[in-house]
Amino acid sequence: MAKPSKKSALSERESNPGSPTINPASRQKIKAFRKKEIEVEELIHRLLKGDKTALGRAITLVESQQPDHLAKAEKVVEACLPHAHQSVRIGITGVPGVGKSTFIEAFGSYLVGKGKKVAVLAVDPSSTVSHGSILGDKTRMEKLVTLENAFIRPSPSGESLGGVAQKTRESIILCEAAGFDVLLIETVGVGQSETTVHSMTDFFLLLKLAGAGDELQGIKRGIIEMADAIVINKADGENQKAAREARLEFKRALHLYPPKQSGWRPKVLLSSAIENTGIPEIWELIEEFTGLTKGNNYFEHNRHEQNKFWLLQTINEHLKSRFYRHPEMKKALQKQLQAIENNETSPFAAAAFLLKKYDEL
Ligand code: GDP
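All of these numbers come straight from a predicted model, not from anything done at the bench.

J.: Is there a simple way to explain the site of the ligand in this structure?
T.: Taken together, 16 residues surround the ligand, and among them G97, K100, T102, D236 and A273 come closest. Residue K100 places a main-chain N or O atom 2.8 Å away from an oxygen atom belonging to the ligand. Contact between the ligand and D236: a nitrogen atom at 2.6 Å from a side-chain N or O atom of the residue. Here the ligand, which alone exposes 580 Å², has 72% of that area covered by the protein.

J.: Any chance you could explain unusual backbone geometry here in plain terms?
T.: Residues apart from glycine generally show negative phi values, whereas peptide bonds are mostly found in trans. Backbone geometry at K234 places phi at a positive 60°, although glycine is not the residue there. Within the fold, K234 resides in the loop between β6 (229–233) and α10 (239–255). A relative accessible area of 33% places K234 in the partly exposed class. Of note in the backbone geometry, N297 takes a positive phi value of approximately 70° without being a glycine. In this fold, N297 is placed in the loop between α11 (279–295) and α12 (298–325).

J.: Sorry, what's going on with the nonpolar core here?
T.: In this structure, L47, L55, V76, L174, C175, I185 and I230 are the most contacted members of the largest nonpolar core, which totals 48 residues. Here this core gets eight residues from one element, more than from any other, and that element is helix α7 (residues 161–177). Residues within four places of C175 in sequence aside, it is in contact with L55, I59, A119, L121, F151, F180 and L183. The next biggest cluster of nonpolar side chains, apart from the first, holds 31 residues, and it includes V88, L144, A150 and V231.

J.: Hey, could you run me through the side chain of N233 in this one?
T.: Mapped onto the elements of the fold, N233 is located in strand β6. For N233, a relative accessible area of 3% translates into the label buried. Polar contacts involving the side chain of N233 include one to the main-chain carbonyl oxygen of V98, which spans 2.8 Å. Separated by 2.9 Å, the side chains of N233 and S271 make a polar contact.

J.: Explain the packing of aromatic side chains here, please?
T.: Between two aromatic rings, the relevant description is the distance of the centres plus the angle of the planes. This structure, assessed with the given rule, holds eight aromatic pairs. For the ring pair F323 and Y324, a centre distance of 5.1 Å and an interplane angle of 80° mean the geometry is edge-to-face. Residue F323 is classed as buried on the basis of its relative accessible area, which comes to 13%. Classification of Y324 as partly exposed rests on a relative accessible area of 49%. An aromatic cluster is present here, built from F103, F107 and W283 joined pairwise through their rings. Here K117 stacks its cationic end above the ring of F180, 4.5 Å away from the centre of that ring. Just above the ring of W264 sits the side chain of K267; from NZ or CZ to the centre is 4.1 Å.

J.: What is the right way to read the confidence of the model for the chain from this model?
T.: In the predicted model, the chain carries a mean pLDDT of 85, and 84% of its residues have values of at least 70. When mean pLDDT is compared element by element in the chain, α11 scores highest at 97, while helix α1 (residues 6–15) scores lowest at 33. Note that pLDDT drops below 50 for residues 1–20; the model gives that stretch nine contacts with residues more than four away or on any other chain.

J.: Help me out: how do you make sense of the pattern of salt bridges in this one?
T.: Pairing between side chains of opposite charge can happen when the charged atoms of each approach one another. Within this structure, the stated rule accounts for 11 salt bridges. Of the charged contacts in the structure, one is a salt bridge between K320 and E317, with a shortest N-O distance of 3.7 Å. With K320 and E317 both in helix α12 and three residues apart, this pair spans about one turn of that helix. Of the residues examined, E317 reaches a relative accessible area of 16% and is grouped as buried.

Basis of the calculations
Residues numbered from 1 in each chain as written. Predicted model: local features only at pLDDT ≥ 70, side-chain atom pairs only at ≥ 80, totals over all residues. Heavy atoms only, no water. Near = heavy atom within 4 Å. Polar contact = N/O pair within 3.5 Å; in protein donor to acceptor, adjacent residues only side chain to side chain. Areas by Shrake-Rupley, 256 points an atom, 1.4 Å probe, with all protein chains shown as cover. Helix = DSSP H or I, 4+ residues; strand = E, 2+ residues; numbered from the N terminus. Buried < 20%, exposed > 50% of the residue type's maximum accessible area, 1.4 Å probe, protein only. Core = buried A, V, L, I, M, F, W, Y, C linked by side-chain atoms within 4.5 Å. Contact = heavy atoms within 4.5 Å. Phe/Tyr/Trp six-rings, centres within 6.5 Å; stacked < 30°, edge-to-face > 60°. Lys NZ or Arg CZ within 6 Å of the ring centre and 35° of its normal. pLDDT = per-residue confidence, 0-100. Salt bridge = Lys/Arg side-chain N within 4 Å of Asp/Glu carboxyl O.

Structure below.
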């Protein structure tokens, strides 16, 4: 059923106040609709002024699965897009225990001290597998969270990495519109999450620990290619010597990789969040990177490429979720799954049947 447009409902009310032709239920609906409109406008207004409570509420809207929240969320994101400030988006990854939250606490506090506004977001798809979050279960970044110019948001939950990533991507826009100029996007590296975070950030930082001289073993394929910096963390106390050796080994390994399209040569640094060493150097490195890539236009080019990629990803996500959430399709899918179990059909015939059915809905 077509929704009465806002204009027509309004003009009817104004031209004929108290008209007996509008039943009380419709009037109630119109009132509620206008109230919602005002609420969204107010939320956008407060968010653009940098109000963190409004930012949190806007992200909750973006993350919501409720159909009536979807339209509101779209409105908020659209309103925020032109206001997204100059920012740098930094992806941070490393295995659990490498010291990500301690590092982000130290790094984020340092940046706030330099007058930056820092937002920390997370992409943790582990909740889709284990229904428990690796990143979110502990109390994290206790100091950073109290700072006025810091905003921390745990990972959205979702049925798929694509869904989680989509929400994070929109949250980035909201944070930037609220004036946050350094975005730290953390991931734990489950499945494809690193590639996903890489595809939404300007600079990708890999945190590593010094091991027993076999640093490169067990490292996921593709990670080194993605990294713009490798930081050997916990380079303090007795770890220092091993950390320096690990640094050399990574430096040597990086030489074996072809040059990056960005023109940037990835660097290896040492840091200790506990002793607060290496932190300013990492920021200097990121500034060097943005200087270089803005100068050679890679920064802008990469963001455009990422936007194109995300356009396609968004369509994919929407199509998938429409298909799988449709009650008729849910029933039909169950039937076809059973038919496969009974050897009554092939996966390809079942897929063709279901897609045709969906087309005809
Ligand atoms: P995450 O799982 O990657 O977020 O790691 P955490 O930040 O929770 O840190 C895991 C453990 O390593 C904690 O016990 C920290 O106290 C410790 N840790 C973190 N950073 C450092 C560091 O720079 N030096 C040392 N020695 N320990 C650290």
